[in-house]
Amino acid sequence: MTQSDTAQSAWNATLMNTYGTPPVTLVSGKGAHATGEDGTDYIDLLAGIAVNSLGHAHPAIVEAVSNQIGTLGHVSNLFGSTPVVAAAEKLKARFGDESARLFFCNSGGEANEAAFKLARLTGRFRVLAAVHGFHGRTMGSLALTGQPEKRAPFEPLPAGVEFFDYGDLDAVRALVAENPSEVAAIIVEPIQGETGVIPAPEGFLTGLREICDESGALLLIDEVQTGIGRTGDFFAFQHEGIWPDVVTMAKGLGGGLPIGAVLARGKAAELFTPGSHGTTFGGNPVACAAANAVLDTIDDDFLAEVRRKGEKLAEGLAAIDGVREVRGRGLMLGAVLDAPVAKEAVAAGLKRGVIVNAPSASVLRLTPPLVITDEEIDTALERVALALRDAAEQQEGN
Ligand code: PLP
């Protein structure tokens, strides 16, 4: 057995089969590079699915986490700690509304679960969500997820969620018109990530804001994947200049440590009261120390660099044979392929030393560390081009 066979059989003998068997075991990383157990160097264009915003082993995160775990690792929600307040202050400042308040949890699914519960506390029942949207795998966040194949085995899910076609404001208006005073919230991703990096059409978020203002529903933006600088704005909704009532975050916030957050403003910030929601680990000092390191690093100059590097990566991708279109913003990009060879290209990429992901048969998703260098982008593009050539040859051979 090769080293990898050993790792794979150990995986299969110990872990539930929720993800299939991973093709590679990673053992270390630095910046945008990750190293496999056999020593293979990969340029990581996925960053743990948009999580390792500062790359692997960023010194600021290593220092913050090491110091915090050596000082105070956990306090529960019965005590205060300084890292959680610091993280809340930074997110509030980024959001720019004095009425904003934060709730911390441990993942994106949990953040949306909390937001769903918060919406119910308005006293209204209906929640509108997008077809093909993805909001998580807990029962509540799955209820918000517009993907029948993921929902079906777990039904009945929490009731009251209705779906509209992403981008179709008339469909949203028609749903709201059925009973406007019963709509608690409308939830959307600014760019649908898991479905294949599909940006909302220009004006869609603005239209949703108007509909929410008219009906009194909360506008809930899921920034779990798009937030914390991923798209070149701190929050992706800023691209349209709108202000949501509730924002959920996770992934890039902790730079690799598990943390999620719900930010709400105005009346929505007062809906949770003692006893209505909570989690033991929420606001954990170590996770918040990592978040603080991320939030201190992602300043406006950093965001400008994300936009510049995003354009460079998008241009390079568009020039590769087999890529029909590149969509997305900043360093959250989808390369739409001429042929349905994305899964084959992912496997070929691993052989060529580049990590990409295939959210669908014809789309490659790229969410590299935001700290990726120009040189790493150039090398990664060469490797992606080779992987796509390999995948196309494999398809011709079949
Ligand atoms: N919301 C969005 C937009 C996501 O992309 C994801 C995960 O991919 C989630 C929610 C769920 O996050 P988690 O996997 O941390 O529960």
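Being a predicted model, the structure only gives us computed values, none of them experimental.

K.L.:
Looking at this structure, how should I read the site of the ligand?
P.N.:
Near the ligand you find 13 residues, and of these G108, G109, D222, Q225 and K251 are the closest. The fraction of the free accessible surface of the ligand (390 Å²) that becomes covered by protein chains is 81%. A total of 3 residues in the shell around the ligand trace back to one element, the largest contributor, which is helix α5 (residues 108-120). Grouping the constituent residues of the shell around the ligand by class yields 2 nonpolar, 7 polar and 4 charged.

K.L.:
Hey, could you run me through the side chain of K92 in this one?
P.N.:
Inspection of the secondary structure assignment puts K92 in helix α4 (residues 82-95). In this structure the side chain of K92 is engaged in a polar contact, spanning 3.0 Å, whose partner is the backbone oxygen of E98.

K.L.:
It is not clear to me how the pairing of strand β5 (residues 126-130) should be interpreted in this structure. Could you clarify?
P.N.:
A regular strand places its side chains on the two faces of the sheet in alternate fashion. Most of β5 is tucked away: 5 of the 5 residues are buried. Here β5 shows a buried face lined by R126, L128 and A130 and a second buried face lined by V127 and A129. The pairing of β5 with strand β7 (residues 183-188) spans 4 bridges and is classified as parallel. Looking across to β7, one finds that L128 is bridged to I186. Here β5 runs beside strand β6 (residues 161-164); their pairing, made up of 4 bridges, is parallel. Pairing of L128 across the sheet is with E162, part of β6.

K.L.:
Can you help me understand unusual backbone geometry in this one?
P.N.:
Note on backbone geometry: most residues besides glycine have negative phi, and most peptide bonds are trans. Between E155 and P156 the backbone carries a cis peptide bond, its omega angle lying at 5 degrees. With respect to the helices, strands and loops of the structure, P156 is situated in the loop between α7 (148-151) and β6. In this structure, A50 is a non-glycine residue whose phi angle is positive, near 65 degrees. Take A50: it is sitting in helix α2 (residues 47-50). For A50, a relative accessible area of 3% puts it in the buried group. In the Ramachandran plot, H132 falls in the positive-phi region, its phi being about 70 degrees despite a non-glycine side chain. Exposure remark for H132: the relative accessible area of 44% places this residue in the partly exposed category.

K.L.:
Honestly, the layout of surface pockets in this entry has me stumped. Any pointers?
P.N.:
Rolled over the atoms, a probe sized like a water molecule indicates the empty space that remains. Volume-wise, the second largest pocket comes out at about 610 Å³. What lines the second largest pocket is a set of 27 residues, among which N77, L102, F103, F104 and H277 lie closest to the centre. Of all the elements in the fold, those that place two or more residues in the lining of the second largest pocket are α4, β4 (101-105) and β12 (260-264). A total of 4 residues in the lining of the second largest pocket trace back to one element, the largest contributor, which is β4. For the lining of the second largest pocket, the class distribution of residues is 15 nonpolar, 11 polar and 1 charged.

Conventions we followed
- Residues numbered from 1 in each chain as written.
- Predicted model: local features only at pLDDT ≥ 70, side-chain atom pairs only at ≥ 80, totals over all residues.
- Heavy atoms only, no water.
- Near = heavy atom within 4 Å.
- Areas by Shrake-Rupley, 256 points an atom, 1.4 Å probe, with all protein chains shown as cover.
- Helix = DSSP H or I, 4+ residues; strand = E, 2+ residues; numbered from the N terminus.
- Nonpolar A, V, L, I, M, F, W, Y, C, P; charged D, E, K, R; others polar.
- Polar contact = N/O pair within 3.5 Å; in protein donor to acceptor, adjacent residues only side chain to side chain.
- Buried < 20%, exposed > 50% of the residue type's maximum accessible area, 1.4 Å probe, protein only.
- Pairing = 2+ DSSP bridges.
- 1 Å grid on protein atoms, 1.4 Å probe; cavity = no way out; pocket = protein on both sides within 12 Å on 5 of 7 lines; lining within 4 Å.
- Points joined across faces, edges and corners; volume = space filled by probe spheres on them.

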